[in-house]
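# Breakdown of the fold
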Amino acid sequence: MLSLFLLLVVVGGILGTVQIRLETVEKSDEAVQARLISEKVASAIEEVYAAGEGHEIRIEMPGNIEGSPYQVKVNQSGVRIDVGGWTGYSYSFSKKISDYAQNQNEVIMRPNTNYTLRNVKEGKRNIVVIF
């Protein structure tokens, strides 16, 4: 009876540890997917800006990240993504970023939406417009 009790305690401990490890792996997958999305957006911004006036790229944002909702915020210094308590950031060289309404502080990109990034001439400088 004592050995059966000890066996149950050991098995229960192992199962608890396995469950915690699996949750950690799932959260790590979220972080990796978030980082990939932020890098994809930052890379597209760099490409559009470098290609010159009139160049554009279309980006499709996924509906969720590993089942969790997320939000992407783009400003002049980079791309920030928030998902499931994690925050990822991809830096970018300083350049003007704007949305269609000419909001130049921050552009929010939402899940399950298609965006066009376009290099537009504004005075003597070029800006990347996200719409």
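Anyway, here's the lowdown on the structure attached to this text. Since the model is a prediction, treat every value here as computed from it, not as a measurement.

### Points about the overall build of the protein
Each helix and strand in the protein was counted, giving 1 helix and 8 strands. Seen in sequence order, the protein has helices and strands lined up from the N terminus as α-β-β-β-β-β-β-β-β. For 131 residues, the compact-globule estimate of 2.2 N^0.38 gives 14 Å, and the C-alpha radius of gyration of the protein, at 22 Å, exceeds that figure by more than 25%. Dimensions of the protein along its principal axes, counting C-alpha atoms only, are 85 × 25 × 20 Å.

### Overview of the pairing of strand 2 (residues 70-75)
Only one face of strand 2 is covered, namely the face carrying Tyr70, Val72 and Val74; the face carrying Gln71, Lys73 and Asn75 is uncovered. With 6 bridges connecting them, strand 2 and strand 3 (residues 78-83) associate as antiparallel partners. What sits directly across from Tyr70, in strand 3, is Val83. Taking the residues that link successive antiparallel strands as the turn, the strand 2-strand 3 hairpin has 2 residues. Strand direction decides the pairing type here: strand 2 and strand 6 (residues 107-109), joined by 3 bridges, are antiparallel. Residue Val74 lies in a different strand from strand 6, and its bridge partner there is Val107.

### Observations regarding the sheet that holds strand 7 (residues 114-122)
Spatially, 4 strands are ordered 1-7-8-5 in an open sheet, and the strand pairing comes out mixed. Looking at which strands have only one partner, the edges of the open sheet turn out to be strand 1 (56-60) and strand 5 (97-99). Direction aside, neighbouring strands of the sheet carry axes that sit 30 degrees apart on average. Pairing analysis gives 3 bridges linking strand 5 to strand 8 (residues 125-130), with the strands arranged parallel. Bridging from a neighbouring strand, Asp99 pairs with Ile130 of strand 8.

Rules of the game
- Residues numbered from 1 in each chain as written.
- Predicted model: local features only at pLDDT ≥ 70, side-chain atom pairs only at ≥ 80, totals over all residues.
- Heavy atoms only, no water.
- Helix = DSSP H or I, 4+ residues; strand = E, 2+ residues; numbered from the N terminus.
- Rg over C-alpha atoms; globule rule 2.2 N^0.38 Å.
- Buried < 20%, exposed > 50% of the residue type's maximum accessible area, 1.4 Å probe, protein only.
- Pairing = 2+ DSSP bridges.
- Axes fitted to C-alpha atoms, helices over the stretch in contact; angles between N-to-C directions.

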